[in-house]
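Per-entry structural report
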Amino acid sequence: MNRKEFLLKSSISVFGVSTIGTIIQQADGTFNGDCETTNDILGPFYRADAPMRSDLTTEGLKGARIFLQGKVLQSDCQTPISNALVEIWHCNTEGEYDNDSPDFNQRARILTDSEGNYQFKTILPGKYMNGTLYRPAHIHYRVSAKNSKELISQIYFKGDPHIEKDPWASKPKAQLRILDLIPADTNGNLSLNFDIYLKDI
Ligand SMILES: [Fe+2]
């Protein structure tokens, strides 16, 4: 481990892992004490009524393919939620959102299965300017389920140089939403896991 890696790893300390989640002490000394997924801004590019589908790719679409999957779980951190509605939207590799086409490109909704699982095939989004700064690459989420509070959030990707100055991705509460992209095969496709823990109503 070199010095930079050590500093990165020592900026958070894991105090314990149990069936009810992980307790983490942030760099500022505060604790993030349970598994609840934290919220993020909705942003200006949300569109209602995206198609119900799991594949957001089309032939000729630019961008590395990512297989994004995870579970939706209750606030006890372990009970899966079936039939939760998981909605994602993001920009293309040029940093553009589809705000008006009937194709709803890079937008989709899906219901979790009986084990709480969801999965999407999509592309790694690009970045876009927000004022004078680039927003780091991100995927927006909106998740709802019976007896749970609706969650609006975003995920980011480890190693993105724009996270540090982004007002939302740099917040301590976003730390558990900055995720590893893992090679899915030898063809450049990527895999990403994001489990979502909803609050009770
Ligand atoms: Fe966005």
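It should be emphasised that the depicted structure is a prediction, and the values quoted were computed from it without experimental measurement.

**Remarks on the overall build of the protein chain**
Along the protein chain, the regular secondary structure elements total one helix and 15 strands. When burial is assessed residue by residue, the protein chain has 28% of its 201 residues classed as buried. Contacts in the protein chain between residues at least 24 apart in sequence constitute 67% of all its contacts with a sequence separation of at least 6.

**Some thoughts on the environment of leucine 61**
Inspection of the secondary structure assignment puts leucine 61 in the loop between strand S3 (31-32) and strand S4 (65-73). Judged by the 14 C-beta atoms lying within 10 Å of it, leucine 61 is partly exposed. Residues leucine 61 and threonine 93, spaced 32 residues apart in sequence, show a C-alpha to C-alpha distance of 9.2 Å.

**Some thoughts on unusual backbone geometry**
Positive phi outside glycine occurs at aspartate 49, with the angle close to 65°. Within the element layout of this structure, aspartate 49 appears in the loop between S3 and S4. Residue classification places aspartate 49 among the exposed residues on the basis of 9 C-beta atoms within 10 Å. Phi at asparagine 147 takes a positive value of approximately 65°, unusual for a residue other than glycine. Relative to the helices and strands, asparagine 147 is located in the loop between strand S10 (139-144) and strand S11 (151-157). Taking the number of C-beta atoms within 10 Å as the measure of exposure, asparagine 147 has 10 and is therefore exposed.

**Some points on the nonpolar core**
Counting 32 residues, the largest nonpolar core has Val72, Val86, Ile88, Tyr141, Val143, Ile196 and Leu198 as the members making the most contacts within it. For this core, the secondary structure elements donating two or more residues are S4, strand S5 (85-89), strand S7 (117-123), S10, S11 and strand S15 (196-197). Beyond its immediate sequence surroundings of up to four residues, tyrosine 141 is in contact with Val86, Glu87, Ile88, Leu151, Ser153, Gln154 and Ile155.

**A short note on the sheet that holds S10**
Two modes of strand pairing occur in sheets, parallel and antiparallel, and in both the strands are linked by backbone hydrogen bonds. Taken together, the five strands give an open sheet; going across it, the order is S6-S5-S10-S11-S12, and neighbouring strands pair in mixed fashion. Two strands in the sheet have a free side with no partner beyond their single neighbour: strand S6 (107-111) and strand S12 (178-179).

**Section: the pairing of S4**
Pairing of S4 with S7, which is carried by seven bridges, proceeds in the antiparallel orientation. Looking at S7, one finds that glycine 70 is bridged to tyrosine 118. Relative to strand S14 (residues 190-193), S4 runs parallel, the two being bridged by four bridges. Looking at the pairing, isoleucine 66 lines up with leucine 190 of S14. The pairing of S4 with S15 spans two bridges and is parallel. Residue pairing in the sheet places leucine 73 in a bridge with tyrosine 197 of S15.

Parameters at a glance
Residues numbered from 1 in each chain as written. Predicted model: local features only at pLDDT ≥ 70, side-chain atom pairs only at ≥ 80, totals over all residues. Helix = DSSP H or I, 4+ residues; strand = E, 2+ residues; numbered from the N terminus. Buried ≥ 20, exposed ≤ 12 C-beta atoms within 10 Å, placed from the backbone. Contact = placed C-beta atoms within 7 Å. Core = buried A, V, L, I, M, F, W, Y, C linked by C-beta atoms within 7 Å. Pairing = 2+ DSSP bridges.

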